[in-house]
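Structural overview
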Amino acid sequence: MEFLNSLNAGLPGCLVLDIHMRGMTGFEVLMALEARQLHVPTIVITALDDETAEPRALRAGALRLMRKPIQDDDFLNAVDVAIGSRSTGSPEPSPLSQL
């Protein structure tokens, strides 16, 4: 909740959330952002092998779901795409394959 309150000072260029976090899940953070009508390019990461995680994350507003272990280059490329979507106002097509 502290993170959400800090957004009054400004939005980050990109947000990286794990599905499992202490206090709130990544899904709950995405829903809280949506409820506040805050649009932050978000990458969700997970170690879960759950087929419903990706569509759920995308419906909640994430640009991408990445499964652990994540390759450094793939992660950095996903961040570049997310930051690019922030400056253009719309997500760029991701050349990255799903992990």
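Whatever comes next refers back to the structure up there.
Summarised in this report is the structure supplied together with it. Treat the numbers as computed from the prediction; the structure is a model and nothing was measured.

This paragraph deals with the pattern of salt bridges. If you walk through the whole model with that rule in mind, you get 1 salt bridge. In this structure, D18 engages K68 in a salt bridge whose closest nitrogen and oxygen atoms are separated by 2.6 Å. Of this pair, D18 sits in strand β1 (residues 15-18) while K68 sits in the loop between β3 (64-67) and α4 (72-88), and the two are 50 residues apart along the sequence.

Moving on, we get to the side chain of T46. Relative to the elements of secondary structure, T46 occurs in strand β2 (residues 42-46). Take T46: its relative accessible area is 0%, and that puts it in the buried class. For T46, the side chain forms a polar contact with the main-chain nitrogen of L48, separated by 2.9 Å. If near-sequence neighbours (up to four positions away) are discounted, T46 is found in contact with D18, I19, L65, M66, R67 and K68.

The next thing to look at is the nonpolar core. Of all hydrophobic cores here, the largest spans 18 residues; its most connected members are L4, V29 and V44. Top contributing element to this core by residue count: helix α2 (residues 26-35), with 5 residues. Filtering out sequence-adjacent residues up to four positions away, V44 remains in contact with L17, I19, L30, A57, A62, R64, L65 and M66.

Turning next to the sheet that holds β1. A sheet is described by the order of its strands in space; here 3 strands give the open sequence β1-β2-β3, paired in parallel fashion. Both edges of this open sheet fall to β1 and β3, since each of them pairs with a single strand only. Averaged over all adjacent pairs, the angle separating strand axes in this sheet is 25 degrees, with direction ignored. With 4 bridges connecting them, β1 and β2 associate as parallel partners. Bridge pairing links D18 to I45 in β2. Contacting β1 and β2, α2 runs over the sheet at an angle of about 140 degrees to β1.

Right, let's talk about the packing of aromatic side chains for a bit. Evaluated as defined, the whole model comprises 0 aromatic pairs. Geometry around F27 places R56 over its ring, the cationic atom sitting 3.9 Å from the centre.

What counts and how
- Residues numbered from 1 in each chain as written.
- Predicted model: local features only at pLDDT ≥ 70, side-chain atom pairs only at ≥ 80, totals over all residues.
- Heavy atoms only, no water.
- Salt bridge = Lys/Arg side-chain N within 4 Å of Asp/Glu carboxyl O.
- Helix = DSSP H or I, 4+ residues; strand = E, 2+ residues; numbered from the N terminus.
- Buried < 20%, exposed > 50% of the residue type's maximum accessible area, 1.4 Å probe, protein only.
- Polar contact = N/O pair within 3.5 Å; in protein donor to acceptor, adjacent residues only side chain to side chain.
- Contact = heavy atoms within 4.5 Å.
- Core = buried A, V, L, I, M, F, W, Y, C linked by side-chain atoms within 4.5 Å.
- Pairing = 2+ DSSP bridges.
- Axes fitted to C-alpha atoms, helices over the stretch in contact; angles between N-to-C directions.
- Phe/Tyr/Trp six-rings, centres within 6.5 Å; stacked < 30°, edge-to-face > 60°.
- Lys NZ or Arg CZ within 6 Å of the ring centre and 35° of its normal.

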